Structures are given as C-alpha cells and as structure tokens.
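# Fold and geometry: a report
Take a look at the letters that make up each chain.
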Amino acid sequence: MSAPKGLTRLAFGGDYNPEQWPEEVWQEDVRLMREAGVTMVSVGIFSWALLEPEPGSYDFDWLDRLLDLLHENGVRADLATPTVAPPAWFYRAHPDALPVTADGVRHAFGSRGAICHSSPAYRRAAAAITEQLARRYADHPALALWHVHNEYGVPVSACYCANCAAHFRRWLRATHGSLDAVNEAWGTAFWGQRYGDFEEIEPPRTTPTVRNPAQLLDYARFADATMLENFRMERDILHRLAPGIPVTTNFMTALTQGDSVDYWAWGREVDLVTNDHYLITDGRRTEVNLAMAADLTRSVAGGAPWLLLEHSTSGVNWQPRNPAKEPGQMARNSLAHVARGSDGAMFFQWRQSRRGAEKFHSAMVPHAGTDSRVWREVVQLGADLEALAPVRGTRTVADAAVLWDWASWWAQRLEWRPTEDHDARERADSFYKSLYDRHLTVDFAHPAADLSGYPLVVVPALYLMTEAAGRNLRSYVENGGTLVVSYFSGIVDEHDAVHPGPYPGALRDVLGLTVEEFSPLLSSERVRITGPGGAELSADVWTEFVVERGAEAVWTYADGPAAGRPAVTRHRLGQGTAWYVSTRLGARELDLILAAAGEDAGIAPRTGIPYGVEVVSREGDTGSYLFAINHTADDAKVALGAPGTELLTGERATGHLAVPAGAVRVVHLD
Ligand code: GAL
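Here the structure is a predicted model, which is why all the values come from computation and not from measurement.

### So, the site of the ligand
- Around the ligand, a shell composed of Phe-46, Arg-112, Asn-150, Glu-151, Asp-276, Tyr-278, Glu-310, Trp-318, Phe-348, Glu-358 and His-361 is seen.
- A distance of 2.9 Å separates an oxygen atom of the ligand from a polar side-chain atom of Asn-150.
- In this structure, an oxygen atom belonging to the ligand sits 2.7 Å away from a side-chain N or O atom of His-361.
- Burial of the ligand by the protein amounts to 96% of the accessible area it has alone, namely 310 Å².

This is the structure:
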C-alpha cells in the first residue's frame, strides 16, 4: 500500500465541496482547516457538471484556484474523478447509460450514481474526464491521492439493460469458455432452463417464481467485475498520466450496502485501501460493527495501514432515526479506526451543506458554526491525531482470524433456503462480537488464504466453499490450528451446487462428522443444549442431525428435533482441533465455546481489561502502541504489560493505565 504523497502526518479532514459555497467562504474554510489541523481533504467527487459544463468544453479555473489555495495552506488534496455523477447533458445524449432495474424500470437523472457500468458511452465519457484531470493536475503540488469514483456498487449494484445483457454474454464466454459449461454450471437441466445459444441468455430479470440461483450468482460476479473494469480503466489512465500519485476508491466494507463488491479482489487493485464507515444506530453497540469494518478493511489491505476516508462527526441523515453522537463518541470512533490500522480519520463532510439531500447530515463545520460542541471536538481530534503521528505506518496486531468471502455472502442471499431466519451476516456479527468481548483482535481472511499464522480460525456460516478451501482448512488443522465452524458452512461449490455426498461436503473430513438432515426451528421455537459439567445453553433458528465420524460430542441437544444428538462437537485431527457448532447460539453463549477453543489454540484469556474497554495494539518501526478505548460510563483501568508514555496526555503509564469513562488512551510502550 502507498501513503498519500507528501503527507507526513495522519490524514485528518473530509470531503470538501466548496462548489456549494461562494469563494469568500473558501477563505474561511482554509483558516478553519488550519485551526483544526486538517491535513488532507477530498475534492471534486461530484464536480463533473462544473468541470465539463458542455460536452468536451472544460472549466478548470475554479479547481485551479482551489488546489492552489489548499496548497498555500498546507492542506493535501485527495482529488476525485467525478465519474459517479455524470452531467445532465450526458444522459440527454445517452439515455441508455441510465441503469435499468431487474423489473425493467429505467432510472432517471436527478440524484447521483445512476450508472450502467456496461454503457460504452459512459466508459468513453468517464475516460475522457479522467484524462483531462490527470493531464491538468499530475504535477500540482497539492495532489496527494486520486479518489476514483465514489463507493462503487452504491446506490446501483447491478443494471439489467440490453447493454448489460450483451456484456454479460461476453463475460460468460470468457469465464466459462462454452455454452455447455454455462449449462452445466447453472444446472439448467432443472426446470427446463437449458440454453441452445448464447444469444438466448439474458440478465436474471424478474421472473414468475424463483430465478436460477447459479445465474444470479454469476450475475453478481459479472456486475462486480464490470465495475472493476471501469475502476481499472480510470486507474490505468491516472497511473499513465500522473505517475507517482497513489490511486484509491473508497470502499464500504462490513456495511450491508457495500456487499456487491468483492473487496478481496479490489484490495489488490488499489494503491491504498480506503474505507467509509457509518454507525448503524439501531440500539446495538455500534462500536462493535465499527471494529469489524475496520478489521475487515485492514484485512483487504493485506494487514497494511489503510485510511478511513469517510465517517460522520455526529448524526447522519439517511437512517430512519439519526441520533447525534454523544460527547466524545466521535473521538472514540475515529481513534478505534486508527487503532485498527487506519493512518488517519476523515469525514463526510467538511462544511455542512445548506441545500440538497444531505443538509441534515453532520459535518466538521456544522450549521451551528464554530461555537459548537462538534467543532470543539473536531479541533481536539486534530490535536490528538497530531500527537499520534508516530503510529503512522505501524501495523495492527491480530490474535485470530475470521473467514469472510463475498461470494459466499451473495450465495446466502439466494432464495428458497432451509429457513429464512438464518442470516449469514448475523452469524458473522455474533462470532465477531464474541471474539471482540474476549478482547481478541481479529483479521478477516479469505477461505483459501494461508492461515498458518493464526492459532484460531473461526468460520461463521460460510455456505459456499470450494473444495480447495475445504482442503486448506483441513491442512490448517492437521498442522496444529484450531478451527471453529458454524452450521451451514461448506455446503455448496462456487456455482451453488451441493457438494456430492452428505453435508457438509467441503468440511466433512476436517470436522469428522456428517449431517444427515437440517431441521430448522419455527420462529418462536428454542432448544436447550447441555454440555460440560451439566452446563445448559439455549439456542434457536437451526438444528440438524449430526453423525459423529471421528468427532466427539461436547454439547448435546437436550430437546427439540435433534434431542440426544450432538450439538457442538470437537475433532482432533493431526496436530490440531476442529470444533463444529450445529445450532444458533448468541454471542454470549458462543463465548463458552470460543473459550474452550481458545484453550485448544493456546490463547491465554486476556484478563485485566474490563468489559466495554477496547484494547488494540499497533507495532512497527517507531515502536509498540497500545490503544485503550473506554466505551463505558465508568472510569476503567487496563493492565499494562510494559510501562510507557501516554501520547494524548504526555503522562507516564506503569502497571495500570487509567482510562476515564468515554476516553481514549494511547500508550507508546517503552
Ligand atoms: C457516503 C457517501 C457520501 C455521503 C455520505 C453520507 O456513503 O460517499 O457522499 O453521501 O455517505 O453519510
């Protein structure tokens, strides 16, 4: 990963949309940026209509003045290609570039992100504006980073138009090689869906009843690949015309909205992984989803430092209810991202808009002005980030891995499953939360990745798993690893075809068991499972008939459809151990299983850290740093393995680090 050019401190700033303001305001903006210690802003994301007011006629004067002004004030620029928002004239000339839904409805101009990524006209226009920007600004001294597009996959993740149909056929030929291979992969013998000619194949548009699941899965892959083609096209122009400037596009890992993009693949294509994260304020502990997003982002960056490009200073305005952040919450959020590998904390947006759809979304400079809590906290955060400059470039230390795969995630959304109550994302959240509350820092990993560095690997409902991934997990365990697998994992291959033989085909060997039949529960039903020392837990959603074939039952169903059968099993294989959890346990209940698996893995329980205090380490050339974030309303103490200097207060810390209620402390260990 490459750092933004010329940035020597942590990135701090936000999306800056000065085109919404008269130029007098720009002067105040840069003065306030200096006051807050802003180091970088993202500009031009939605500026295409201003930069190219008519086809082929450009107006860069305002952007010249803006970049000069930023440079004079020591603020680096993350300059966008505005290709997420083509101008009205473009759509007038090319109405077929507007995306079409699966129901055949063509979207209209008047919002943003209305893009058919297969449209040749869109591709030409996007390449042209990208080239213009690259030629003009390649050598501008303010330029630190290229920000291609905005959040690929949002708000439109797939288009179903005629251009896409033709492009899909080309993609199928290239991917599968022949029509026979497509028929085989899609299982078109079922329901008489066989194709005799590529031209008969259409996108999976609305049908009378359930669509072909393998076709849907391939369409998700195609839509993702098509967006990636367009990203690469822009990136390659920028690399060619502006060498030395890293190129990024802002991801949305771990939010359900960003789920149409396979970030494992995209992470390898960008020069710097950047991410946007917003709190989903539905009453849950929002810091857990934040930590998960940050860990996932770091993982798609291969463990290297990444950058949080957007989050909010306070409330957003696109959820049903948008509470303001509590005092101190913005700093906790920002520094939790930094703890988990972000080399900075940036926001949407710098100055709160007066007009348009996002005027009630918080910003660094709120409508209330600078005599406001938000502004004072922004200024404080700028100072904190300045004090944390030495952590830049260091890497977050992880204790365990959770397997994650977007293809499996797409497959689990297909229809007609054993139960609609099973939610793969919920499983991932629960396993993650359980690990989080054990104070374990987690890397996410692709199922085929090298896992040998992790003592513990957790697999939350990875329904789609290739045989190769199954073999990978087997050799991981044989070589001494500890694996914990949830039900409904390893069931189908990459085309949603059930692996031959009893479930779970890809994992039978490593788990030492087979599953005879699934028996999901009715919505109000719960079952009891009993385990070591007569302990009892309650579970719901899923049961199944497990047959031990080498594994031993550690917990057993006490009632329900699988009464008397194994509920949680352990299999010793080679040097390692594989656990299987055949029912749905909540995060707290999973703790007992993960504690036992942790013992197998030789992970000592992290005592000395209170519940609700997040402790994460970063290490690198400049030393070791311990971040402690107190999400509770009580003052806390965290046991320190070594003494050090607390960077935000400058105080020495030995023995126990005091972390006041709601506060963050970062110790540079001696
Ligand atoms: C992001 C988007 C920004 C802004 C923000 C509001 O998803 O990239 O442009 O809309 O949401 O939360």
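### Regarding the packing of aromatic side chains
- If you walk through the whole model with that rule in mind, you get 36 aromatic pairs.
- Plain terms: the ring middles of Tyr-432 and Phe-444 are 5.9 Å apart, the flat faces sit at 10° to each other, and that makes the pair stacked. In this pair, Tyr-432 sits in helix H14 (residues 424–437) while Phe-444 sits in strand E12 (residues 442–445), placing the two residues 12 residues apart along the sequence. Each member of the pair Tyr-432 and Phe-444 is classed as buried.
- The interplanar angle of 20° and the centroid separation of 4.9 Å between the aromatic rings of Tyr-487 and Trp-542 together place this pair among those described as stacked. With Tyr-487 in the loop between strand E14 (482–486) and helix H16 (508–511) and Trp-542 in the loop between strand E17 (536–540) and strand E18 (544–548), this residue pair connects regions lying 55 residues apart in the sequence.
- Members of the aromatic cluster, connected to one another through ring pairs, are Phe-251, Tyr-263, Trp-264, Trp-404, Trp-406, Trp-409, Tyr-432, Tyr-436 and Phe-444.
- Its end group placed over the ring of Trp-21, Arg-351 keeps NZ or CZ at 5.4 Å from the ring centre.

### Considerations on the sheet that holds strand E13 (residues 456–459)
- Pairing in this open sheet of nine strands is mixed, and the strands run E12-E11-E13-E14-E21-E20-E19-E16-E17 from one edge to the other. With one partner strand each, in any of the chains shown, E12 and E17 form the two edges of the open sheet. Averaged over all pairs of adjacent strands, the angle between strand axes in this sheet comes to 20°, irrespective of strand direction.
- Of the strand pairs in this sheet, strand E20 (residues 566–573) and strand E21 (residues 576–581) are connected by six bridges, and their pairing is antiparallel.

### As for the pairing of E13
- The alternating pattern of E13 places Leu-456 and Val-458 on one face and Val-457 and Val-459 on the opposite face, and all of these are buried.
- Relative to E13, strand E11 (residues 400–403) runs parallel, the two sharing two bridges. Each bridged residue has a counterpart across the sheet, and for Ala-401 the counterpart in E13 is Val-457.
- Sheet topology note: the E13/E14 ladder contains four bridges and is parallel. When the sheet's bridge partners are listed, Leu-456 is paired in E14 with Thr-482.
- Chirality of the crossover, the property in question, places the unit of E13, helix H15 (residues 467–478) and E14 among those that are right-handed.

### Let's talk about the packing of helix H6 (residues 162–176) against helix H7 (residues 179–186)
- Running from amino to carboxyl end, H6 crosses H7 at an angle of 90°, the nearest separation of the two axes being 9 Å. Compared by their axis directions, H6 and H7 come out roughly perpendicular. Counting all contacts with H6, which are made through Phe-168, Leu-172 and His-176, the residues of H7 involved are Ala-181, Val-182, Ala-185 and Trp-186.
- Looking at side-chain class alone, the contact of H6 with H7 contains six nonpolar, one polar and no charged residues.

### Focus: the pattern of salt bridges
- Here the structure, examined in full by the defined rule, presents 45 salt bridges.
- The partner of Arg-413 in a salt bridge is Asp-259, with the nearest N and O atoms 2.3 Å apart. One end of the pair, Arg-413, is in the loop between helix H13 (406–411) and H14; the other, Asp-259, is in the loop between strand E6 (250–251) and helix H9 (263–267), and 154 residues separate them in sequence.
- Here Glu-426 ties to Arg-427 by a salt bridge, and the two come within 2.9 Å at their closest N and O atoms. For the pair formed by Glu-426 and Arg-427, the shared burial category is buried.
- Residues joined in a network through salt bridges with shared partners are Glu-28, Asp-29, Arg-31, Glu-35 and Arg-351.

### Thoughts on the domain arrangement of the chain
- We note that the domain assignment places domain 1 (11–159 + 245–392), domain 2 (400–601) and domain 3 (613–669) within the chain.
- Look at where the C-alpha atoms of domain 1 and domain 2 centre, and you get two points 37 Å apart.
- Contact residues are listed per partner, giving 23 residues for domain 1 and 19 residues for domain 2.
- By the criterion of area lost to domain 2, the three top residues of domain 1 are Asp-259, Trp-264 and Met-292, representing 35% of everything that side buries.

### Overview of the packing of helix H10 (residues 286–300) against helix H11 (residues 329–339)
- Following both chains from N to C, one finds H10 and H11 inclined at 25°, their axes separated by 9 Å at the closest point. Here H10 lies roughly parallel to H11, going by the angle between them. Here H10 runs over H11; the crossing is right-handed. Contacts between H10 and H11 involve Thr-286, Leu-290 and Ala-294 from the first element and Gln-329, Asn-333, Ala-336 and His-337 from the second.
- Grouping the constituent residues of the contact of H10 with H11 by class yields three nonpolar, four polar and no charged.

Thresholds, definitions, all that
Residues numbered from 1 in each chain as written. Predicted model: local features only at pLDDT ≥ 70, side-chain atom pairs only at ≥ 80, totals over all residues. Heavy atoms only, no water. Near = heavy atom within 4 Å. Polar contact = N/O pair within 3.5 Å; in protein donor to acceptor, adjacent residues only side chain to side chain. Areas by Shrake-Rupley, 256 points an atom, 1.4 Å probe, with all protein chains shown as cover. Phe/Tyr/Trp six-rings, centres within 6.5 Å; stacked < 30°, edge-to-face > 60°. Helix = DSSP H or I, 4+ residues; strand = E, 2+ residues; numbered from the N terminus. Buried < 20%, exposed > 50% of the residue type's maximum accessible area, 1.4 Å probe, protein only. Lys NZ or Arg CZ within 6 Å of the ring centre and 35° of its normal. Pairing = 2+ DSSP bridges. Axes fitted to C-alpha atoms, helices over the stretch in contact; angles between N-to-C directions. Right-handed = clockwise from strand over helix to strand, strands pointing away. Parallel < 35°, antiparallel > 145°, perpendicular 65-115°, else oblique. Contact = heavy atoms within 4.5 Å. Nonpolar A, V, L, I, M, F, W, Y, C, P; charged D, E, K, R; others polar. Salt bridge = Lys/Arg side-chain N within 4 Å of Asp/Glu carboxyl O. Domains from an automatic or database assignment. Buried area = accessible area lost by both parts, 1.4 Å probe. Left-handed = near helix turned anticlockwise from the far one by under 90°.

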